[in-house]
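Geometric and topological summary
The primary structure of each chain is shown beneath.
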Amino acid sequence: MKFKSLGVMLLTAGAVLGATSCGGPRGNDNPFITSKERAEMLEQWEAAFKDSSKSYNPAKYLTDKGYTLKTDEYRTTYSTEIKNLDPTQTYRQSDSAYLCNFIEGLVQYDNLGRMQPACAESWELDSTQTKYTFHIRKGMKWVTNQGAAVADVKAGDFVLGLKRAVDAGYVSYLAEGVVKNVIEYEDGEVEFSQVGIKAKDDYTLEIELVKPESFFLSRLTYNTFMPVCQSQFESKGEDINKSTDTGNNVYNGPFYPTTVDGTVKTMIVAQRNELYWDNEHTTVDRLVWVYDDGSNPAQTYTDVKNGIYAGTGLAVSTGTLGLAKKDKLFDDYKYVTDTTATTYFGGLNLNRGTFEVGGAVSKLTEAEKILAHRAANNLNFRRGLLHCIDRVKWNEVSRDKEVAAFNLRNTYIKPDFTAIESAVSFTEDGKTYEFPAKSTYGEILQKFLDEKEAHIKVEDGQDGWFDKAYAQECFAKAKQELGLGPNDVIKLDNVYYAPSVGQTADHKALQQLMDEGSNGLVKLQLIEANTTADYYYSGYYADSGEDLNNDFYYGSGWGPDFNDGSTYLDTFRRAGDMLTTIGLNKIFGGEEAPEAPAAGTYGREADVDVYERNLGTFEDLMDVAAAETNDSQRLVKYAKAEAELLDKAIIMPNTTEGGNYAITRVAPRSVPHVNWGVCADMLKNIVQIKASVK
Amino acid sequence: MKMYMLKRILLSLVSFFIVVGTVMVLTYSLIDRTMIFQSDGAWKKYSNNEKTMYEQRKYEEYGYLTLEEATDYLKTKYQETDGEAYISNAQYQAAIAAIKTTSREENADLAEFKMKYLKDGYKVNYLPQITSGSKLISSAYLYATKDINVFVRIFTYFSKMFTFETIYDVDDPNLTDRYIRWEWDKRSNMPALVGSGTTHKYLIYFDNKFPFIHQNLFHFHLGISNAEYIGSDVADVMVNSQGEIVKTEQEYPIDLGTGITHKIGYDFHTATYNSGELTLAELTMFNDRYTICKTNGDGLTMLGNSFIMGIIASILAYLFGLPLGVLMARKKDKIADKIGNVYIILIMALPSLAYIFMFSAIGTGLFGLPYKYANAEIKVLAYILPILSLALPSIGSLMKWMRRYVIDQQNSDYVKFAKSQGLSEREVFSTHIARNAFIYIVHGIPGTILGALTGAIITERVYGISGVGNLLTNAVTSYDNGVIVACTVFYTALSIISLILGDILLTKYDPRISLSGGR
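Remember, predicted model here, so these are calculated numbers, not experimental data.

**Notes on the overall build of chain A**
Assigned secondary structure in chain A consists of 21 helices and 24 strands. Against the 2.2 N^0.38 benchmark of 26 Å for 694 residues, chain A shows a C-alpha radius of gyration of 27 Å, consistent with a compact globule. The C-alpha extent of chain A, read off along each of the three principal axes, is 85 × 65 × 55 Å. A buried classification covers 51% of the 694 residues belonging to chain A. A separation of at least 24 residues holds for 71% of the contacts in chain A among residues at least 6 apart in sequence.

Have a look at this one:
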């Protein structure tokens, strides 16, 4: 509610008090959804998730509790404006967060993570398992930013969309090597008409794949496969992407933007699209995003309390946590926000090739370099190191103490990434594995890890690796194997950006924790980088593994693109994209082995040898998983491969995003629940309670 | 005077070019260009040769270099001879295949490509194919790049700064009747200069929106944004309509004069040519091919927001600052002066964010004024707090300077002489001191007026009003080279013009000052 003056506020408050005291059932006047109610709703959601005969209805739950639902608008803050109006031209989540509400693709996910028809009302897969035929819903309209229909949604719109995605190159990687002839088209060998996407007629779309892929449909929820209105593109050309005028493009989704300029740092408003095919299920009439640069969190918090915004995060550093406690809102209404699918991790450099980048220079002697290399390649040392760091303490440096554990991650693939559709049971090496239907990935992975006695707990929000006793065991074995005396130390380089106070504190904390956790065995050598170039080229911008100027490097992250274990785990295969973060070059075969170093000096080994030694078993398990065609079996096999990766301490998964305190009026899981694609930001079915302002 | 002005303008232009050139060198040559990928999510997902090519294409987009790929070269070459059937030309296919192998050295087309670009000063690069067994990991690429020379860059930039519309703008062979002529505009009941074959239909027209007379004959280009407003020219961004779409009762162009209206948000005067197929909706509204129109928003443009806030704040500053400064000077060392000094010191010392928040807390708490523009029910009220926040430091500054000037004058000989002659305090002050003190103020007036156009960085962000203030700061953090150069040009031009105008105003105000310097 927006009050024009104190006087009006008092009058209105009086009227409300008067109204509620006049007989009739007393409405629920909680200002936010309580933590208890939220927990109950999540239980119901879990039940519906595991058992498809049950349903989850947050709207009914809340109205039964006496709440009034808010359906006129959903208002929240934003800090990044719309930079592209055509989803095929952008990879940014900040763009997709809006565009997924304005433009709809072939399929979408619902709040239980199940795939549902969207523009395609049905589809079939042929006997070769490589050709999909989609039947486009008839009568869907493209509307302007004034809500007027200009054209019908046709199959050809999807062909144009993919062509634009491939030509622009930002999100084409999801189709390269997957849809037939995309790579050949990019190389100039064929025209686009030869590419495996064709409009058989206005309402039939055919997509042909290079090879069968059981999870192909999950790719369709990303920008790569979004439609572009053909007639609009004909009249406006490349201008359809210019977000300075929302009239440049047209929209087929549940909402359309009504602010003229999407790039302003003021507000973005969207209106219900009455011509949307499923408009009757859209739960809110207007979406309003208000620009907030985060400079005045106290004001934003006050606005949330007054019912202007639907919810807010609470943090000690911004003072909002303190305010919520003072207002006695914290205890009853707090909850912890969901973590995301992106995983940030660290790891040892298994085959270091660079010791100097600009001013970031290593001070290790040859003997120390040799020892660091031997240690990194020693399984027990790696295990000891990755299990000896108290990550909660480490995280407290950059996060409020209260929430330090909430965004910790212990696996590469998010534990609730997905669940198996059908039960899986198989026997291997005399052991029988049984996983009931709807077991989550995390549950499966935990079983494999426990079997290996890996000492890892998979759930997010805790330090599942820190185990000092186990670390000491491993270090003891390592010291023996490396031939170290009781006073020997192992020095590992770590480059940090010195001008940043936050970074310096973070790296120093790591140094101290490694020292403590290893009882003085591991001494992290902090190397100062005084320019951003030195810092980035030592790590993030390292072209290949041998350019990594760190012995222990952390901060890399990876997120999933589709519904398969390979989207994460392929990054550590022989030609994987994340091998750089552990110091290995990509291995294509036929690489020359480096020259043997002179006696007493350090020299890099052949990457293929290092890979085989440390990741050979992982790669074998990946081969097995990749060959599996049944989705559920496949997920289980990838879990087995990841268990191997983590048990061999190749990487230390560290943190993810999310995991903060918040209060909200939005019902949990009323929006799509999925870990890839753009659907997670769709707001058409959002359920929120009306603010009751005291 | 005329000679002086001419020399002055010439020197200004030279310094203008130097400033712009320096910024271009800094932006394009001295800042590490790889920084543009820091927050690029697509870059992370690419690898091997595709990553390198993605980088090269982005560099070209950002204006660092020109990129020519062999595949595009071959396509253009064979399209000239074979049209759309180029793809089945055997030589074309042979050249495409040769890129992947070592036989590319022998292929005539590829050798031609290499020679042509080497001669033009390009570096020719080759990325060999990467395979693992029979599996293709990364395609082969042959391409040429050339960093853009700073003088070429400056020249191209300024040569593209002004463009004029002509009747040959529209590239549609079906359009035969091309003209520019005056017509009677039934929508505004005024004459309008209308074109056919020009990009815009209405080249000069009148309507009821500020500045009431509009033109599309020539356009001003400051440079295209790479990251923040992708593809749009910064000059357009500054004057783009903002806010929620406003639908008004208007006649469709096809219905002009009939009185039949519809509620529609288009501004039909902004119509540009549509070379595609006209939709049914367009055919019901328009009677020609000028069917692409902009929409009206309920807010001001970026420039408008900054200017309004800046001007009103400046007026308030002069209205309050000058008299208060004079008051302080006349009541020197008394209570009024002491209070004034406290205010000045406080407002100068406090960081702007601090007093903005303090002020807004009072404004929203006690007076119920809206904080964010987007949350305000009555939008005009949302400007009050930002304008006051902007005015406060200017008031303090003017108070300080006016007080200084007046005190200086008060101590000068001619004042003592005038007093001894018997003139009253008031007469001395109004006839002499004020006018002399004002000289220093006058010089700054054009600067203040034009300075209102530069916007206020913090105020606009905090209150969520979209102005030009944050254009430059955001561009720097996102490495948006186009906007950085455009803003530099804009601010430099404003500074130079204000300085010149200030000097001229000074000579008009004080006849003793002469620009030519002679007797």
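Additional details are given in the paragraphs that follow.
**A short note on the overall build of chain B**
Each helix and strand counted, chain B has 18 helices and 15 strands in total. Sorting the 519 residues of chain B into buried and exposed places 33% on the buried side. In chain B, once contacts between residues fewer than 6 apart in sequence are set aside, the share between residues at least 24 apart is 63%.

**Focus: the interface of chain B and chain A**
Facing 60 residues of chain B, the contacting portion of chain A comprises 59 residues. When residues of the side of chain B that touches chain A are traced back to their parent elements, those giving at least two are α2 (41-45), α3 (48-61), α4 (70-82), β3 (130-132), α8 (234-238), β15 (292-295), α12 (352-367) and α16 (457-463) of chain B. Broken down by class, the residue content of the side of chain B that touches chain A amounts to 22 nonpolar, 25 polar and 13 charged.

**Quick word on the environment of asparagine 125 of chain B**
Residue and element names in this part refer to chain B. Looking at the secondary structure, you find asparagine 125 in strand β2 (residues 123-127). Along the backbone, asparagine 125 and asparagine 48 are 77 residues apart, and their C-alpha atoms lie at a distance of 15 Å. Contacts of asparagine 125, omitting those with residues within four sequence positions, involve Tyr143 and Thr145.

**Structural notes on the sheet that holds strand β22 (residues 552-558) of chain A**
Residue and element names in this part refer to chain A. Strand order in this open sheet of three strands is β22-β15-β23, and the pairing throughout is antiparallel. At either margin of the open sheet sits one strand with a lone partner, and together these are β22 and β23 (652-655). Pairwise comparison of adjacent strand axes, ignoring direction, gives a mean angle of 35 degrees for this sheet. The pairing of strand β15 (residues 343-348) with β23 spans three bridges and is antiparallel. What sits directly across from phenylalanine 345, in β23, is proline 653.

**Describing the pairing of strand β20 (residues 490-497) of chain A**
Residue and element names in this part refer to chain A. Within β20, seven of the eight residues are buried, which leaves the element mostly enclosed by the surrounding structure. Looking at chain direction, β20 and strand β21 (residues 522-529) are connected through eight bridges and run parallel. Opposite asparagine 494, over in β21, you have leucine 526 as the bridge partner.

**Describing the domain arrangement of chain A**
All names here are of chain A. Entries for chain A in the domain assignment read domain 1 (6-15 + 25-68 + 292-337 + 660-681), domain 2 (88-96 + 103-242) and domain 3 (351-655). Measuring from the centre of the C-alpha atoms in domain 2 to the corresponding centre in domain 3 gives 37 Å. Listed per partner, the contact involves six residues of domain 2 and six residues of domain 3. Of the residues contributing to the side of domain 2 that touches domain 3, the split by class is three nonpolar, two polar and one charged.

**Thoughts on the packing of helix α15 (residues 441-452) of chain A against helix α21 (residues 631-647) of chain A**
Residues and elements named next belong to chain A. Two numbers describe how α15 lies on α21: the axes approach to 9 Å, and their chain directions differ by 45 degrees. Relative to α21, the element α15 is oriented oblique. The chirality of how α15 crosses α21 is right-handed. The segment α15 lies against α21, with Tyr441, Ile444, Leu445, Phe448, Leu449 and Lys452 engaging Leu635, Val636, Ala639, Lys640, Glu642, Ala643, Leu646 and Asp647.

**Concerning the environment of methionine 348 of chain B**
All names here are of chain B. For methionine 348, the location among the structural elements is in helix α11 (residues 335-349). By the C-beta count within 10 Å, which is 11 here, methionine 348 ends up exposed. Sequence-wise, methionine 348 and lysine 44 are 304 residues apart; in three dimensions their C-alpha atoms are separated by 46 Å.

**Structural notes on the domain arrangement of chain B**
The assigned domain composition of chain B is domain 1 (65-147), domain 2 (162-220 + 245-295) and domain 3 (302-465). Computed over C-alpha atoms only, the centres of domain 1 of chain B and domain 2 of chain B are separated by 44 Å.

**Describing helix α14 (residues 413-420) of chain B**
Here α14 of chain B lies mainly on the outside; zero of its eight residues are buried. Positive backbone phi, approximately 105 degrees, marks glycine 422 of chain B, located one or two places after α14 of chain B.

**Considerations on the nonpolar core**
Membership of the largest hydrophobic core comes to 241 residues, with the highest contact counts inside it found for Leu106 and Ala639 of chain A. Among all residues touching alanine 639 of chain A, those that are not within four sequence positions of it are Tyr441, Ile444, Leu445 and Phe448 of chain A. If you look at the next biggest cluster of nonpolar residues, it comprises 27 residues, including Tyr229, Val234, Leu450 and Phe490 of chain B.

**Some points on α21 of chain A**
Residues and elements named next belong to chain A. The end-to-end C-alpha separation of α21 is 24 Å, in line with the 24 Å expected for 17 residues at 1.5 Å each. Most of α21 sits inside the fold, with 15 of its 17 residues counted as buried. Alanine 649 sits one or two residues past α21 and shows a positive phi near 50 degrees.

Procedures and definitions
- Residues numbered from 1 in each chain as written.
- Chains lettered and ligands numbered in written order.
- Predicted model: local features only at pLDDT ≥ 70, side-chain atom pairs only at ≥ 80, totals over all residues.
- Helix = DSSP H or I, 4+ residues; strand = E, 2+ residues; numbered from the N terminus.
- Rg over C-alpha atoms; globule rule 2.2 N^0.38 Å.
- Buried ≥ 20, exposed ≤ 12 C-beta atoms within 10 Å, placed from the backbone.
- Contact = placed C-beta atoms within 7 Å.
- Nonpolar A, V, L, I, M, F, W, Y, C, P; charged D, E, K, R; others polar.
- Pairing = 2+ DSSP bridges.
- Axes fitted to C-alpha atoms, helices over the stretch in contact; angles between N-to-C directions.
- Domains from an automatic or database assignment.
- Parallel < 35°, antiparallel > 145°, perpendicular 65-115°, else oblique.
- Left-handed = near helix turned anticlockwise from the far one by under 90°.
- Core = buried A, V, L, I, M, F, W, Y, C linked by C-beta atoms within 7 Å.
- Expected span 1.5 Å × (residues − 1).

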